[in-house]
Amino acid sequence: SAYEITAGGRKLIGSAQLRRVAGVLQHGSLPLCGDLGRICDVLSYRDDAARAAGADRVRARATTLEQLLGRQVTWDRAAESLAAGFQEALGLQWTIAEPSDEEQKRALTLRSERFAADAWTLRGSRR
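The shown structure was predicted, so the numbers you read here are calculated from the model rather than taken from an experiment.

Observations concerning the pairing of strand β3 (residues 23-29)
Here comes step 1: Looking at chain direction, strand β2 (residues 10-20) and β3 are connected through 7 bridges and run antiparallel. Bridge pairing in β3 links G14 to S29.
Here comes step 2: If you look at the hairpin formed by β2 and β3, you'll find 2 residues sitting between the two strands.

Things to note about the side chain of T63
Here comes step 1: Assignment of secondary structure puts T63 in the loop between α1 (48-61) and α2 (65-69).
Here comes step 2: For T63, a relative accessible area of 3% puts it in the buried group.
Here comes step 3: Side chain to side chain, T63 and Q67 meet in a polar contact 3.0 Å long.
Here comes step 4: With near-sequence residues (within four places) excluded, T63 lies in contact with A7, R10, K11, L12, P31, L36 and L68.

Here's the deal with the sheet that holds strand β1 (residues 5-7)
Here comes step 1: Pairing is antiparallel in the open sheet, where 3 strands are placed in the order β1-β2-β3. Here the strands that pair on one side only, and so sit at the sheet edges, are β1 and β3. Going from strand to strand, the sheet's axes swing by 15° on average, the running direction of each strand aside.
Here comes step 2: Across 3 bridges, β1 lies against β2 in antiparallel orientation. Across the sheet, residue I5 finds its bridge partner in β2, namely I13.

Focus: the pattern of salt bridges
Here comes step 1: Considering all chains together, one arrives at 5 salt bridges under this definition.
Here comes step 2: Note that R59 and D35 form a salt bridge whose closest N and O atoms lie 2.7 Å from each other. One end of the pair, R59, is in helix α1; the other, D35, is in the loop between β3 and α1, with 24 residues separating them in the sequence.
Here comes step 3: Owing to a relative accessible area of 33%, R59 belongs among the partly exposed residues under this scheme.
Here comes step 4: For D56, the salt bridge is made with R59, and the minimal N-O distance between the two is 3.1 Å. Of this pair, D56 and R59 both sit in helix α1, separated by 3 residues, roughly a single helical turn.

Some details on the packing of aromatic side chains
Here comes step 1: As enumerated under the stated definition, the model contains 1 aromatic pair in all.
Here comes step 2: Look at F115 and W120: their rings are 5.6 Å apart centre to centre, the planes differ by 80°, and that puts the pair in the edge-to-face class.
Here comes step 3: Above the plane of the ring of W120 lies R114, whose end atom (NZ or CZ) is 4.5 Å from the centre.
Here comes step 4: Sitting over the ring of W120, R123 keeps its end group 3.8 Å from the ring centre.

Remarks on the layout of surface pockets
A probe as big as a water molecule, rolled over the atoms, marks out the empty space that is left.
Here comes step 1: Quantified by volume, the largest pocket comes out at close to 570 Å³.
Here comes step 2: Along the wall of the largest pocket there are 19 residues; nearest its centre are I13, Q26, G28, L82 and F86.
Here comes step 3: Listing elements by their share of the lining of the largest pocket, those giving two or more residues are β2, β3 and α3 (75-90).
Here comes step 4: Per-element accounting of the lining of the largest pocket gives the leading share, 6 residues, to α3.

The rules behind the values
- Residues numbered from 1 in each chain as written.
- Predicted model: local features only at pLDDT ≥ 70, side-chain atom pairs only at ≥ 80, totals over all residues.
- Heavy atoms only, no water.
- Pairing = 2+ DSSP bridges.
- Helix = DSSP H or I, 4+ residues; strand = E, 2+ residues; numbered from the N terminus.
- Buried < 20%, exposed > 50% of the residue type's maximum accessible area, 1.4 Å probe, protein only.
- Polar contact = N/O pair within 3.5 Å; in protein donor to acceptor, adjacent residues only side chain to side chain.
- Contact = heavy atoms within 4.5 Å.
- Axes fitted to C-alpha atoms, helices over the stretch in contact; angles between N-to-C directions.
- Salt bridge = Lys/Arg side-chain N within 4 Å of Asp/Glu carboxyl O.
- Phe/Tyr/Trp six-rings, centres within 6.5 Å; stacked < 30°, edge-to-face > 60°.
- Lys NZ or Arg CZ within 6 Å of the ring centre and 35° of its normal.
- 1 Å grid on protein atoms, 1.4 Å probe; cavity = no way out; pocket = protein on both sides within 12 Å on 5 of 7 lines; lining within 4 Å.
- Points joined across faces, edges and corners; volume = space filled by probe spheres on them.

Rendered as structure tokens:
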């Protein structure tokens, strides 16, 4: 995809956004380490040979930060670096705080009325 970040010709970061008038929800993944082919263990394939071939394709097309840099990067260090990069690039100043009482109440309401409800969770599924 044109919206992924690549390094050395391999996908490093997958990313998606939901944009609304009131804000933007950014979702992304930055694999720090590990075997990216493991994703194929939970996907549907016709047989084990097809699963192994799929895992090989993933490994050939994607990379981890550890593979790219040749050293481990902790989750905390990666998070700090991303926050600093967004702050610099977008001219932001982060404010780190606990959720307000109003935010906590809204989260509990959403959890009980939406996300814990089968009508929401199973919408569009074939059950």
